[in-house]
Amino acid sequence: MNSPPLYQDYDIDGGPHDGGFNDDDEDDYDDTFANDYGYEDEDEFQIHTSSDAKNFERKSISRKENSINFSPVTNIASTKSSVRNITNGSGSTSGNDKPRILLMGLRRSGKSSIQKVVFQKMSPHDTLFLESTNKIVKNDISNNSFVQFQIWDFPGQIDFFDSTFESDLIFGGCGALVFVIDAQDNCVEAISKLHQTVCQAYKVNPNIIFEVFIHKMDGISDDLKIQIQQDIQQRLQEELADHAQDNQIPQNIPIRYQLTSIYDHSIFEAFSKVIQKLIPQLPTLENLLDMLVSSSRLDKAFLFDVVSKIYIATDSAPVDNTTYELCSDMIDVVIDVSCIYGMKDQNDSFAYDEDSSSVIKLNNDTVLYLREVNKYLALVCLINKSNFDKIGLINYNFQCFKQAISQVFEVRDIIQAQQKQKKLLNTSK
Ligand SMILES: Nc1nc2c(ncn2[C@@H]2O[C@H](COP(=O)(O)OP(=O)(O)OP(=O)(O)O)[C@@H](O)[C@H]2O)c(=O)[nH]1
């Protein structure tokens, strides 16, 4: 396998850096590097398929043989130990117990549509024909090693006081509860149900992450959107405050509100934020992205799950919707073009592989750059055109980043295997 060079092996020319190459250090080699990779003459839009990437890797290895001295982007040993700490401390989210996300809300609020559009790639328009859900529908989402969870889609009308409703079982092992409110409908009933749901769930499991999707926001003006959100937020806070003592729950349960619609990117962004809270390795991933961004002079970097287009981590700079949409759309473009031109043979089921990469130059001096991280994940970055000239630097740092991500996976696999063994031992006793 043509793996990137292990960066611990390299000495640092001229003393240690704070992670990866910095601009000042790489002037000399940069031009050579860029020439080597043949990037300086790229067209406005490039999709690199198998042969291009093979060239890239071959050259990368030959650079190693020429013993160029690189600085490490990150310290693998510290990554490993921090992941171990995080994973050990994460309770139910590690091991084989997949975190559970509950989708609740009134009838026709849009729960099944959200689930089908985000995770089953249903076209938003086809949701018009969805039938009402009349029992709990459980879906296993196993897109990649980080994003593994279950979604339970509940029927609209649940009666918490029904003897068949097993609160302990349902809320007990739940990671996040997403309550969907139809913003185009009268929200009073929905708020009352939300209040009831929060109280019931909190009593069973105070660790649940509560998320409210104020949904069907398409076609609503920006001013009205803010007004609707404030209204819902205020009413729920009032209800919680009024009944906190009776229900024996705190008034200030943290609840996040997100405005969503299946007709734009908002639903993917909202779900990304829910999933991120359930990924124990998130701080490590964010650190790695921060290091990559600062050492390669990127404007923004997202680590996307390619299948769902959920971003599982991003660097610490704030996310703005346009950037997220651009990066998310780029995945579609790459997959679509790869499906047409990038399949190695007819038996290939998925056009995305280790050779997938793409450069799209926009007319505002910004470059979108996509690289495959592993078979499920893609790094999509936004870079100023002037900094993209240093493509050699970016590519080298990317290889280090990729290596670090695979180390994170390794640690997780080891821990999972250990937990499995422990469970087996316990059951055989
Ligand atoms: N305008 C708009 N309509 C939506 C959106 N999301 C869902 N819908 C529509 O809302 C209707 C109800 O959607 P469902 O997903 O079946 O709702 P549900 O909450 O699962 O309904 P139950 O199964 O009865 O609980 C469908 O006609 C969808 O097309 C949205 O973001 N905007």
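The structure under discussion appears in the preceding block.
Residues numbered from 1 in each chain as written. Predicted model: local features only at pLDDT ≥ 70, side-chain atom pairs only at ≥ 80, totals over all residues. Heavy atoms only, no water.

S.K.: Is there a simple way to explain the site of the ligand in this structure?
M.R.: Among the 22 residues in the neighbourhood of the ligand, the closest are listed as S113, T127, S132, T133 and D218. Note that an oxygen atom of the ligand is positioned 3.0 Å from one of the backbone N or O atoms of R108. Separating a nitrogen atom of the ligand from a side-chain N or O atom of H215 is a distance of 2.9 Å. Here the ligand, which alone exposes 660 Å², has 93% of that area covered by the protein. (Near = heavy atom within 4 Å. Polar contact = N/O pair within 3.5 Å; in protein donor to acceptor, adjacent residues only side chain to side chain. Areas by Shrake-Rupley, 256 points an atom, 1.4 Å probe, with all protein chains shown as cover.)

S.K.: When you look at the packing of aromatic side chains in this model, what are you seeing that I'm missing?
M.R.: Each aromatic ring pair is summarised here by two numbers: the centre-to-centre distance and the angle between the ring planes. This model, assessed by the stated rule, comprises eleven aromatic pairs. A centroid spacing of 5.2 Å and a plane angle of 90° characterise the contact between F119 and F271, whose relative ring orientation is edge-to-face. You can see F119 sitting in helix α4 (residues 111-119) and its partner F271 sitting in helix α8 (residues 266-277), a full 152 residues away along the chain. Seen in terms of ring centroids, Y369 and F388 are 5.4 Å apart; in terms of plane orientation they differ by 75°. Their pairing is edge-to-face. Taken together, the residues span a long stretch of sequence, with Y369 in strand β11 (residues 366-372) and F388 in helix α11 (residues 385-388) at a distance of 19 residues. Residues Y369 and F388 agree in their burial class; the two are buried. Site record: aromatic cluster; members linked through ring pairs are F119, F149, F213 and F271. Over the ring of W152 we find K138, and its NZ or CZ is 4.3 Å from the ring centre. Its guanidinium or amino end placed over the ring of F268, K309 lies 5.4 Å from that ring's centre, counting from NZ or CZ. (Phe/Tyr/Trp six-rings, centres within 6.5 Å; stacked < 30°, edge-to-face > 60°. Helix = DSSP H or I, 4+ residues; strand = E, 2+ residues; numbered from the N terminus. Buried < 20%, exposed > 50% of the residue type's maximum accessible area, 1.4 Å probe, protein only. Lys NZ or Arg CZ within 6 Å of the ring centre and 35° of its normal.)

S.K.: Mind showing me how you'd approach the side chain of K193 here?
M.R.: Following the sequence through the fold, K193 ends up in helix α6 (residues 188-204). Residue K193 is classed as buried on the basis of its relative accessible area, which comes to 13%. With near-sequence residues (within four places) excluded, K193 lies in contact with L106, I158, F160 and F179. (Contact = heavy atoms within 4.5 Å.)

S.K.: Just to check I follow, could you spell out the sheet that holds strand β6 (residues 209-215) for this structure?
M.R.: Two orientations exist for strands paired in a sheet by backbone hydrogen bonds: parallel and antiparallel. Sheet architecture is open: six strands sit in the order β3-β4-β2-β5-β6-β7, paired in mixed fashion. Two strands in the sheet have a free side with no partner beyond their single neighbour: β3 (137-142) and β7 (255-259). Here the strands of the sheet are splayed against their neighbours by 20° on average, with no regard to which way each runs. Judged from the six bridges that link them, strand β2 (residues 100-105) and strand β5 (residues 174-182) form a sheet pairing that is parallel. (Pairing = 2+ DSSP bridges. Axes fitted to C-alpha atoms, helices over the stretch in contact; angles between N-to-C directions.)

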